[in-house]
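Secondary and tertiary structure notes
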Amino acid sequence: MWKKILGYSYNLTSLTGILLAGAGTALIVIFLAIGIISGLENPYLGILIYFVFPGILVLGLFLIPLGILLTRKRMQREGRTEVPLYPILDLNDRRQRLKAVFFIVATIFFLLLLAVASIKGYDYTESTEFCGKLCHTVMEPEYVAWSGSPHARVRCAECHIGPGAEWFVKAKLSGLKQVYRVLTNTYPAPIETPIPNLRPARDTCEGCHWPAKFYSGKQKIFYHYASDEKNTLREINLLLNLGTTPKTPHASGIHWHVGSEVFYIARDAKRQDIPYVAVKGKDGKITEYHDTDKPLNQTEINKKGTRLMDCIDCHNRPSHIFHSPGKEIDESFVSGTIDSSLPFFRKIAIEILSKDYKTTAEAKAAIASGIRGYYAETYPDLTKTRAPAIERAITEVQQIYQRNFFPTMKVAWNTHADNIGHFYFPGCFRCHDGKHRSADGKVISKDCTICHEVLDQKQENIAPGTKVSGFVHPIDIGDEVETTGCYECHQAGAM
Ligand code: HEC
Ligand code: HEC
Ligand code: HEC
Ligand code: HEC
Ligand code: HEC
Ligand code: HEC
């Protein structure tokens with residue numbers, strides 16, 4: 001009977017195809033339903049629903065006609081029957097009519113199912129689950145940092161791929177290579193930056209932040225605490241002179257670079273050592289600035305080729321922001337997550353966080369025993385009276401470790417330099433060090449006031465209520481405030 005109903009498709013290849021297509025369909029429907037009902041967002045479930053099951057379905061649909069074709073060929077060869085090239089369809093025959101209707105309905109059903117699977121599959125490969133969680137070891141540092149960043153609601157793909165077909169294809173091709181490197185365990189740890197062929201920031205960032213709407217200023221308060229017994233609060237209230245583009249009244253300021261054409265050459269792959277900068281003026285005239293300490297010669301300049309400065313040359317960590325141990329403890333104090341009345345807490349926590357650990361488990365154990373041990377020895381009565389505060393603080397310090405140190409990927413908070421500012425990394429001072437000079441004597445300024453104004457400062461060495469006229473360093477370091485880059489003393493991350 002089956003032979004009669006199935007006709008030519010009654011052969012091993014087509015039967016296998018029918019089975020596979022049926023199984024693929026059933027699996028897609030069942031797992032989609034499970035996903036919808038349970039609300040589960042599991043990256044592996046996505047791989048199955050959108051790639052593996054539709055793959056089975058398509059293979060099945062391909063095998064059915066293949067089997068039919070092969071059968072007809074064989075029958076023709078054997079000369080068994082006169083086999084016409086196309087099936088003869090007689091819609092007056094009830095049986096054939098039913099078969100035709102079944103065929104059309106089934107085709108539409110499968111096409112719809114595949115369309116849904118591929119649209120959802122496309123969405124899925126752009127989702128943060130896919131990018132951030134599927135290869136969780138490899139992407140863990142970036143995923144964790146992204147989750148706590150100002151861009152936590154912006155999907156990875158919006159910065160890494162952006163709109164348009166060309167970059168979509170490029171991204172999927174390089175994605176295949178990445179999958180291969182993960183499967184064969186040949187990925188680099190840490191992942192190297194700058195990403196060599198990152199899509200130009202103007203195509204991605206400017207989808208949401210277009211320069212014409214930049215504000216001209218931004219007030220920001222920086223909190224620090226001294227590493228003394230009292231964890232004394234120090235406060236710097238800065239007005240950052242952001243500025244906007246040349247088309248607006250506030251044309252000067254930090255975002256001046258965006259409206260202008262600034263080119264530079266870096267000596268190193270990380271773009272931290274910049275001996276040459278060139279600015280193209282509105283009149284087309286080029287002003288070249290050379291690092292007076294260690295300039296490049298003309299042949300090196302010609303050979304290296306320049307890079308046009310864009311958002312990423314300052315905002316290279318807009319989303320994958322790691323914090324130094326010092327900054328993390330300061331933020332935990334100011335937000336009250338850690339009780340700042342625990343004596344010497346900042347000093348001891350930073351000492352423990354600054355050591356090297358092979359695994360996260362080892363670090364967490366060392367944090368717990370280190371902090372408990374310190375108070376048991378130095379302040380034994382606090383161990384009894386303040387036990388809950390100490391335990392809460394331990395948990396928080398363990399989380400600080402987990403947000404900023406990833407031993408498996410060999411990533412720590414300072415693995416990738418952050419180019420905003422100049423406190424822990426050279427950042428703006430890569431060019432604004434007062435040593436980049438043009439032939440006619442112009443200097444890329446290090447004057448503190450071109451970028452920001454100190455509105456207020458609270459510190460042990462400033463009498464309460466005093467208005468400061470410029471930044472006052474908490475300890476006297478003489479003229480080093482002006483002559484030495486802040487990062488040269490501060491890069492360890494403890495203060
Ligand atoms: C706001 C934009 C933005 C978002 C959102 C974003 N990234 Fe990035 N990401 C960047 C930029 C810019 C760089 C380039 C850093 C460089 O070249 O120095 C980068 C670099 C990276 C790197 C290279 C290593 C590193 O730490 O710099 C990885 C890996 C990465 N991103 C993964 C992700 C993943 C996974 C997500 C989503 C969970 C994501 N990114 C979301 C902007 C973004
Ligand atoms: C899909 C939209 C989107 C894209 C693309 C995007 N951002 Fe953002 N960005 C946001 C949102 C939303 C915020 C948070 C705004 C707020 O807090 O007011 C933000 C905040 C910021 C901030 C302020 C952060 C802070 O500390 O408050 C900076 C700087 C920034 N983005 C830079 C970038 C850069 C550089 C890129 C490109 C690599 C980029 N953004 C791409 C949406 C986007
Ligand atoms: C010369 C370095 C530099 C360049 C180039 C640059 N920015 Fe900025 N941008 C800054 C600094 C510094 C800040 C203030 C940082 C902070 O908030 O701590 C800032 C702040 C911002 C903010 C936050 C504004 C707010 O009100 O919070 C956004 C958004 C932003 N930039 C986007 C961009 C985009 C998009 C580009 C590229 C078109 C760009 N920036 C290019 C240095 C730069
Ligand atoms: C690649 C080199 C380079 C880097 C990095 C750089 N700048 Fe600049 N910046 C320049 C040059 C060149 C000028 C123009 C100097 C001139 O012609 O007077 C300039 C000018 C400025 C001005 C004055 C603009 C005006 O005319 O009002 C400000 C403010 C500024 N930069 C802030 C920053 C900040 C903040 C950072 C770091 C986030 C930074 N720059 C990083 C090269 C750089
Ligand atoms: C080329 C621009 C530029 C120059 C010149 C500059 N700064 Fe800054 N500075 C910045 C930016 C941008 C930030 C904000 C960084 C951030 O948002 O994290 C900053 C942050 C700071 C902070 C707060 C740092 C923190 O983490 O607490 C202090 C203090 C400071 N600057 C002092 C100075 C002093 C003193 C000078 C002069 C010797 C100076 N700056 C010169 C751009 C500049
Ligand atoms: C010669 C080395 C040196 C230089 C250069 C230097 N600092 Fe410091 N800075 C220190 C030391 C040491 C401390 C710790 C003081 C203390 O807590 O007793 C400190 C503390 C600070 C603090 C308080 C931090 C905290 O955690 O309590 C701020 C803010 C600061 N420096 C800003 C700057 C800025 C901005 C610059 C650059 C304009 C700079 N420093 C340059 C050595 C330096």
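Residues numbered from 1 in each chain as written. Chains lettered and ligands numbered in written order. Predicted model: local features only at pLDDT ≥ 70, side-chain atom pairs only at ≥ 80, totals over all residues. Heavy atoms only, no water.

1. Re helix H2 (residues 12-38)
The criterion, for reference: Helix and strand assignments come from DSSP, with helices taken as H or I runs of at least 4 residues and strands as E runs of at least 2, each series counted from the N terminus. Any helix carries an expected span of 1.5 Å times its number of residues minus one. Three exposure classes are used, based on accessible area relative to the maximum for each residue type with a 1.4 Å probe and protein chains only: buried under 20%, partly exposed in between, and exposed over 50%. A 3.5 Å cut-off defines polar contacts: any pair of N or O atoms within that distance qualifies, except that in protein one atom must be a possible hydrogen donor and the other a possible acceptor, and neighbouring residues in sequence count only when both atoms are side-chain atoms.
If you check H2, its first and last C-alpha atoms are 38 Å apart, about what 27 residues at 1.5 Å a residue would give, namely 39 Å. Those residues of H2 lying buried are Ser 14, Gly 17, Ala 21, Gly 24, Thr 25, Ile 28 and Gly 35. The backbone nitrogen of Thr 13 has a side-chain oxygen 3.1 Å away, supplied by the residue at the start of H2, namely Asn 11.

2. A look at the sheet that holds strand S2 (residues 233-240)
The following threshold applies: Two strands make a pair as long as DSSP finds a minimum of two bridges between them. For helices, the axis comes from a line fit to the C-alpha atoms of the stretch in contact; other axes are also lines fit to C-alpha atoms, and the angle between any two N-to-C directions lies between 0 and 180 degrees.
One open sheet holds the 3 strands; their spatial order is S1-S2-S8, and the pairing between them is antiparallel. Since the sheet does not close on itself, it has two edges, and those belong to strand S1 (218-225) and strand S8 (452-458), each with one partner. Between one strand axis and the next, the sheet turns through 20° on average, direction left out of account. When S1 meets S2, the two strands line up antiparallel, connected through 8 bridges. Along S2, the bridge assignment pairs His 224 with Arg 234.

3. Description of the coordination of the iron atom of ligand 6
Octahedral six-donor coordination of a metal ideally yields angles of 90 or 180 degrees, compared with 109.5 degrees for tetrahedral four-donor coordination. So the rule is basically this: Distances up to 2.8 Å from the metal define which N, O and S atoms are donors, and 3.2 Å serves for Na, K and Ca; water is absent from the atom set, so sites may look incomplete. Donor angles set the geometry label: tetrahedral for four donors if every angle is between 85 and 135 degrees, square planar for four and octahedral for six if opposite donors exceed 155 degrees and the others are between 65 and 115, irregular for anything else.
Taken together, the protein ligands of the iron atom of ligand 6 are His 473 (NE2) and His 490 (NE2), with distances of 1.9 to 2.0 Å. For the iron atom of ligand 6, the 6 donor atoms in the first shell make angles of 87 to 179° at the metal, a pattern classed as octahedral. Of this pair, His 473 sits in the loop between S8 and helix H18 (480-483) while His 490 sits in helix H19 (residues 486-490), and the two are 17 residues apart along the sequence. Under the relative-accessibility criterion, His 490 is labelled buried at 12%.

4. Some thoughts on the packing of helix H14 (residues 360-378) against helix H16 (residues 387-404)
The cut-off we apply is this: What sets the label is the angle itself: under 35 degrees gives roughly parallel, over 145 gives roughly antiparallel, 65 to 115 gives roughly perpendicular, and the rest give oblique. With the far helix as reference, a near helix turned anticlockwise by less than a right angle produces a left-handed crossing, and one turned clockwise produces a right-handed crossing. Two residues qualify as a contact provided that any one of their heavy atoms is within 4.5 Å of a heavy atom in the partner residue. Gly falls in the polar group here, along with every residue not listed as nonpolar (Ala, Val, Leu, Ile, Met, Phe, Trp, Tyr, Cys, Pro) or charged (Asp, Glu, Lys, Arg).
Following both chains from N to C, one finds H14 and H16 inclined at 150°, their axes separated by 10 Å at the closest point. Taken together, the axes of H14 and H16 are roughly antiparallel relative to one another. Our pair here, H14 against H16, has a crossing hand that is right-handed. Side by side, H14 and H16 meet where Thr 360, Ala 363, Lys 364, Ile 367, Ala 368, Ile 371, Arg 372 and Tyr 375 of the first sit next to Ile 390, Glu 391, Ile 394, Val 397, Gln 398, Tyr 401 and Gln 402 of the second. Its residues placed into classes, the contact of H14 with H16 shows 9 nonpolar, 3 polar and 3 charged.

5. Description of the coordination of the iron atom of ligand 1
Taken together, His 160 (NE2) and His 320 (NE2) make up the full set of protein donors to the iron atom of ligand 1, lying 2.0 Å away. Seen from the iron atom of ligand 1, its 6 donor atoms lie at angles of 87 to 179°, and the figure they make is octahedral. Placement of the pair is His 160 in helix H7 (residues 156-160) and His 320 in the loop between strand S6 (307-308) and helix H12 (325-335), with a sequence separation of 160 residues.

6. Comments concerning the pairing of strand S5 (residues 286-291)
The alternating pattern of S5 places Thr 287, Tyr 289 and Asp 291 on a buried face and Ile 286, Glu 288 and His 290 on a face that is not buried. Judged from the 5 bridges that link them, strand S4 (residues 276-280) and S5 form a sheet pairing that is antiparallel. Pairing of Val 279 across the sheet is with Thr 287, part of S5. The turn linking S4 back onto S5 is made up of 5 residues, and Gly 284 within it adopts a positive phi angle of 85°. In the sheet, S5 pairs with strand S7 (residues 436-438) via 3 bridges, with the strands oriented antiparallel. Bridging from a neighbouring strand, His 290 pairs with Arg 437 of S7.

7. A few points about the packing of H12 against helix H13 (residues 345-353)
Two quantities define a packed helix pair, namely the angle between the axes and the distance from one axis to the other. Where H12 contacts H13, the two axes come as close as 10 Å, and the packing angle between them is 140°. Classified by the angle their axes make, H12 and H13 are oblique. Handedness of the crossing formed by H12 with H13: right-handed. Each of Pro 325, Gly 326, Ile 329, Asp 330 and Phe 333 in H12 lies in contact with H13, whose residues at this interface are Phe 345, Arg 346, Ala 349, Ile 350 and Leu 353. Its residues assigned to classes, the contact of H12 with H13 shows 7 nonpolar, 1 polar and 2 charged.

8. Brief notes about the site of ligand 6
Here is the rule we go by: Definition of nearness: a residue and a molecule or strand are near each other if at least one heavy atom of the residue lies within 4 Å of the molecule or strand.
Arg 234, His 473, Cys 486, Cys 489 and His 490 are the nearest of the 19 residues found near ligand 6. In this structure, an oxygen atom belonging to ligand 6 sits 2.5 Å away from a side-chain N or O atom of Arg 234. A distance of 2.8 Å separates a nitrogen atom of ligand 6 from a polar side-chain atom of His 490. For the shell around ligand 6, the secondary-structure elements that each account for two or more residues are S1, S2, H18 and H19.

9. Considerations on the packing of aromatic side chains
Worth spelling out the cut-off: Ring pairs shown here join Phe, Tyr and Trp side chains whose ring centres sit within 6.5 Å, with only the six-membered ring taken for Trp; geometry is labelled stacked below 30 degrees between planes, edge-to-face above 60, and tilted in between. Two conditions define a charge sitting above a ring: the NZ of Lys or the CZ of Arg must be within 6 Å of the ring centre, and it must be within 35 degrees of the ring normal.
Going through the model one piece at a time under the given rule, you end up with 17 aromatic pairs. Ring geometry for Tyr 143 versus Trp 146: centroids 5.5 Å apart, planes at 35°, classification tilted. Here the residue Tyr 143 and the residue Trp 146 both occupy positions in helix H6 (residues 136-147), the gap between them amounting to 3 residues, near one helical turn. According to the relative accessible area criterion, Trp 146 is buried, its value standing at 11%. We note Lys 170 situated over the ring of Trp 167; from NZ or CZ to the ring centre the distance is 4.2 Å. When the ring centre of Phe 344 is taken as origin, the NZ or CZ atom of Lys 347, which lies over that ring, is 5.9 Å away.

10. Observations regarding the domain arrangement of the protein
Stated precisely, the cut-off is as follows: Delimitation of the domains relies on an automatic or database domain assignment.
Parsing the protein into structural domains produces domain 1 (2-125), domain 2 (129-198), domain 3 (218-318 + 418-490) and domain 4 (325-409). Taking only C-alpha atoms, the centre of domain 1 and the centre of domain 3 are 63 Å apart.

11. A look at a negative patch on the surface
Condition: Only residues whose relative accessible area exceeds 30% and that take part in no salt bridge are eligible for patches, with like-charged residues grouped when within 9 Å of each other and nonpolar side chains (Val, Leu, Ile, Met, Phe, Trp, Tyr) grouped when within 5 Å. Note on areas: Shrake-Rupley with a 1.4 Å probe; residue coverage comes only from the protein chains shown. Each reported salt bridge corresponds to a side-chain nitrogen of Lys or Arg within 4 Å of a carboxyl oxygen of Asp or Glu. His is not counted here, nor are the chain ends, while Lys and Arg score as positive and Asp and Glu score as negative. To locate a charge, take NZ of a lysine, CZ of an arginine, CG of an aspartate or CD of a glutamate.
Together, Asp 447, Asp 479, Glu 480, Glu 482 and Glu 488 make up a region of like negative charge exposed at the surface. With respect to the helices and strands, Glu 480 occurs in helix H18.

12. Details of the site of ligand 1
Taken together, 24 residues lie near ligand 1, and Glu 142, Cys 156, Cys 159, His 160 and His 320 sit nearest. Between ligand 1 and the protein, one listed contact pairs an oxygen atom with a side-chain N or O atom of Glu 142 at 2.5 Å. The separation between an oxygen atom of ligand 1 and a polar side-chain atom of His 416 is 3.5 Å. Put simply, the parts of the chain that give the shell around ligand 1 at least two residues each are helix H5 (128-133), H6 and H7. When residues of the shell around ligand 1 are assigned to their parent elements, the largest contribution, 4 residues, is made by H6. When the residues that make up the shell around ligand 1 are grouped by side-chain class, the tally is 13 nonpolar, 8 polar and 3 charged. Counting only domains with at least three residues in the shell around ligand 1, you end up with domain 2 (129-198) and domain 3 (218-318 + 418-490).

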